[in-house]
Amino acid sequence: MTMNKGLVDASSNVPEFWHAFKNNMIVVAVSVFGQIPIGFILAFILYRKQVKGATFFQSMVFLPQFLSTIVIGIMWRMLFMVDGPVSRIIQAVTKNPSAQFTMMMDPNKCMIPIAIALIWMYTGFYMIIFLANLQKINDSMFEAAKIDGASEVQIFFKITIPLLASSILTSCILAIAGSLKGFGLIFALASEGKQRINSEVLPIYMYRIAFNNAKDPMRFAYGAAIANMIVLISIIIIMFSKWVGKKLGTDEDY
């Protein structure tokens, strides 16, 4: 009888698991297709000296890396509160004093503000990685391309990206691993209740199942199963990234 009850409880958690899995894949997508491309473009702009005050700009973009993840999460939570600064901006723009920012309460939109926070926090990290690798490239290659009449866009796509293909793939591995084990930022940003449930990712779901239900004797078994799934998903995605790297002709070893 106890075994049957455990099976019922386990099956009832399946929709919650897939909801957390979907959110986690959104975080992975934001990391790979948001943080890395933006970081790459910013690094290229800084390297080509296309902005004034490059040192100040670089420091401002990298600044979130000096802050605690929990502090950043609380800061963004305060910004996205129903009566927070974002809501006040919306009220000022729309001239509607009752307008509120409610994305965090919408299960279909709650990952949008989280994606913004993730991009703001980690873009500087990848910018520094790409900037360091760009500085290893011989400047004569860029100068020769300019003499031949290549534009900055052509230099970016025809020279810079192929030369940094291995660094891009390495950054993808770091982004995927970080996304699947990410806990602190989303945990601090999404407060208790509906916001937390809406934006739940696999590590937070594992924490809730394993530690927030003391009456369930199977809680640690469920938590361990979820942890194993996180590891398995990480291995699958990273192996796929490695396969893509080989197809693209990179010789990077992971």
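Residues numbered from 1 in each chain as written. Predicted model: local features only at pLDDT ≥ 70, side-chain atom pairs only at ≥ 80, totals over all residues. Heavy atoms only, no water.

(A) Looking closely at unusual backbone geometry. The phi angle at Lys95 is positive, at roughly 60 degrees, despite the residue not being glycine. With respect to the helices and strands, the residue Lys95 is situated in the loop between α5 (85-94) and α6 (111-134). (Helix = DSSP H or I, 4+ residues; strand = E, 2+ residues; numbered from the N terminus.)

(B) View of the packing of aromatic side chains. Going through the model one piece at a time under the given rule, you end up with 20 aromatic pairs. Measuring from ring centre to ring centre gives 5.4 Å for Trp18 and Phe21, while their planes differ by 85 degrees; the resulting arrangement is edge-to-face. Of this pair, Trp18 and Phe21 are both found in helix α2 (residues 14-47), 3 residues apart, which corresponds to roughly one turn of the helix. Under the relative-accessibility criterion, Phe21 is labelled partly exposed at 21%. Ring centres 5.1 Å apart and planes at 20 degrees place the aromatic pair Phe80 and Phe101 in the stacked group. Within this pair, whereas Phe80 is found in the loop between α4 (69-79) and α5, its partner Phe101 is found in the loop between α5 and α6, the two being separated by 21 residues in sequence. (Phe/Tyr/Trp six-rings, centres within 6.5 Å; stacked < 30°, edge-to-face > 60°. Buried < 20%, exposed > 50% of the residue type's maximum accessible area, 1.4 Å probe, protein only.)

(C) Expanded view of a nonpolar patch on the surface. On the surface, a nonpolar cluster with roughly 700 Å² of combined accessible area is contributed by Phe56, Met60, Leu63, Phe66, Leu67, Met75 and Trp120. By the element assignment, Phe56 lies in helix α3 (residues 54-62). Owing to a relative accessible area of 58%, Phe56 belongs among the exposed residues under this scheme. (Patch = residues over 30% accessible without salt bridge, like charges linked within 9 Å, V, L, I, M, F, W, Y side chains within 5 Å. Areas by Shrake-Rupley, 256 points an atom, 1.4 Å probe, with all protein chains shown as cover. Salt bridge = Lys/Arg side-chain N within 4 Å of Asp/Glu carboxyl O.)

(D) Seen up close, the packing of α2 against α6. Put simply, α2 and α6 touch, their axes get as near as 6 Å, and they point 40 degrees apart. Comparing the axis directions of α2 and α6 gives the class oblique. For the pair α2 and α6, the sense of crossing is right-handed. When its residues are assigned to classes, the contact of α2 with α6 shows 21 nonpolar, 5 polar and no charged. (Axes fitted to C-alpha atoms, helices over the stretch in contact; angles between N-to-C directions. Parallel < 35°, antiparallel > 145°, perpendicular 65-115°, else oblique. Left-handed = near helix turned anticlockwise from the far one by under 90°. Nonpolar A, V, L, I, M, F, W, Y, C, P; charged D, E, K, R; others polar.)

(E) Highlighting α6. End to end, α6 covers 32 Å across 24 residues, agreeing with the expected 34 Å (1.5 Å per residue, within 8%). A bend of about 35 degrees at Tyr122 is the largest found in α6. (Expected span 1.5 Å × (residues − 1). Bend = angle between axes of the 7 residues up to and from the residue.)

(F) The arrangement of the pattern of salt bridges in detail. Throughout the structure, instances matching the rule amount to 3 salt bridges. The salt bridge partner of Glu16 is Arg208, with a shortest N-O separation of 3.0 Å. One end of the pair, Glu16, is in helix α2; the other, Arg208, is in helix α12 (residues 202-211), and 192 residues separate them in sequence. For Arg208, a relative accessible area of 22% translates into the label partly exposed. In the salt-bridge network here, residues are joined through shared partners; they are Glu16, Glu200 and Arg208.

(G) Layout of the side chain of Thr160. Its place among the elements puts Thr160 in helix α8 (residues 152-163). On the basis of relative accessible area, Thr160 is assigned to the buried category, the value being 0%. With sequence-adjacent residues up to four places away left out, Thr160 is seen in contact with Phe40, Phe44, Leu134, Phe142 and Ile155. (Contact = heavy atoms within 4.5 Å.)

(H) Quick look at the side chain of Asn24. Structurally, the position occupied by Asn24 is in helix α2. With a relative accessible area of 0%, Asn24 lands in the buried category. Setting aside residues no more than four positions away along its own chain, Asn24 makes contact with Ser179, Leu180, Val201, Leu202 and Pro203.

(I) Expanded view of the packing of α3 against α6. Running from amino to carboxyl end, α3 crosses α6 at an angle of 135 degrees, the nearest separation of the two axes being 8 Å. As far as their axial angle goes, α6 and α3 are oblique. In this structure, α3 contributes Gln58, Val61 and Phe62 to the contact, and α6 contributes Gly124, Phe125, Met127, Ile128 and Leu131. Across the contact of α3 with α6, the residue classes break down as 6 nonpolar, 2 polar and no charged.

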